[in-house]
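Below, each chain spelled out in residue letters.
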Amino acid sequence: MRATLKELRQKSAWSWAGWRVAWKSETALRAWALMHGISVLAALILPLSTVELAIIVMGGTFVLVIELLNTAIERVVDYISLEQHPLAGEAKDIGSCAASLAGIAVGLAWVVILVGLFA
């Protein structure tokens, strides 16, 4: 049991180190985190059901996860080579697209919830 707790502490420390690095360097992550905070606050203020609140919280967190994965893709591509290559550009663009689509999905979830709330 002690070994498991030690491993959990180490993995948590590495995860937070990754968050700090991404937070310092990625404007998009900070912007998505701000939007997520505003979104959760609005969801807590509005008379949403537990399921609706869960969708908003999970969706916004999902956007942050995708943005972190996008950052990881960009870092690996840049590490492998500083040369311009079409595949490297495509990999970065696809990662960016994934983050944008996740944000759009959360926006659409908000639209559906608000339409249902005020219908």
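As a reminder, the structure under discussion sits directly above these lines.
Each value, and the rule that gives it
- Residues numbered from 1 in each chain as written.
- Predicted model: local features only at pLDDT ≥ 70, side-chain atom pairs only at ≥ 80, totals over all residues.
- Heavy atoms only, no water.
- Helix = DSSP H or I, 4+ residues; strand = E, 2+ residues; numbered from the N terminus.
- Rg over C-alpha atoms; globule rule 2.2 N^0.38 Å.
- Buried < 20%, exposed > 50% of the residue type's maximum accessible area, 1.4 Å probe, protein only.
- Contact = heavy atoms within 4.5 Å.
- Areas by Shrake-Rupley, 256 points an atom, 1.4 Å probe, with all protein chains shown as cover.
- Lys, Arg positive; Asp, Glu negative; His and termini not counted.
- Charge placed at Lys NZ, Arg CZ, Asp CG, Glu CD.
- Expected span 1.5 Å × (residues − 1).

Peer 1: What exactly am I supposed to notice about the overall build of the protein here?
Peer 2: What the protein contains, in helices and strands, is four helices and zero strands. Of the regular secondary structure in the protein, the N- to C-terminal order runs α-α-α-α. The C-alpha radius of gyration of the protein comes to 18 Å, more than 25% above the 14 Å expected for a compact globule of 119 residues. Projected onto its principal axes, the C-alpha coordinates of the protein cover approximately 55 × 50 × 20 Å. Out of the 119 residues belonging to the protein, those deemed buried represent 22%. Of the contacts made within the protein by residues no fewer than 6 positions apart, 71% connect residues no fewer than 24 positions apart. Surface summary for the protein: the accessible area is close to 8,600 Å², and the carbon and sulfur share equals 72%. Of the charged side chains in the protein, 9 are positive and 9 negative, and the gap between their average positions amounts to 18 Å.

Peer 1: Is there a simple way to explain helix α4 (residues 86–118) in this structure?
Peer 2: Note: α-helices contain 3.6 residues per turn, so residues at a spacing of three or four share the same orientation. Its 33 residues place the ends of α4 47 Å apart at the C-alpha level, agreeing with the 48 Å of an ideal helix rising 1.5 Å per residue. Listed in full, the buried residues belonging to α4 are G95, A99, A102, G103, V106, W110 and I113. Tucked inside the fold, the buried residues of α4 contact α2 (27–45) and α3 (50–80).

Peer 1: Please clarify how the environment of D93 should be interpreted in this entry.
Peer 2: With respect to the element layout, D93 can be found in helix α4. Separated by 59 residues in sequence, D93 and L34 have C-alpha atoms that sit 23 Å apart.

Peer 1: Looking at this structure, how should I read the side chain of S39?
Peer 2: Summarising the element assignment, S39 is placed in helix α2. You can call S39 buried: its relative accessible area is 11%. Not counting residues up to four positions away in its chain, the partners in contact with S39 are I56 and W110.

Purely spatial values, then, with no claim about function.
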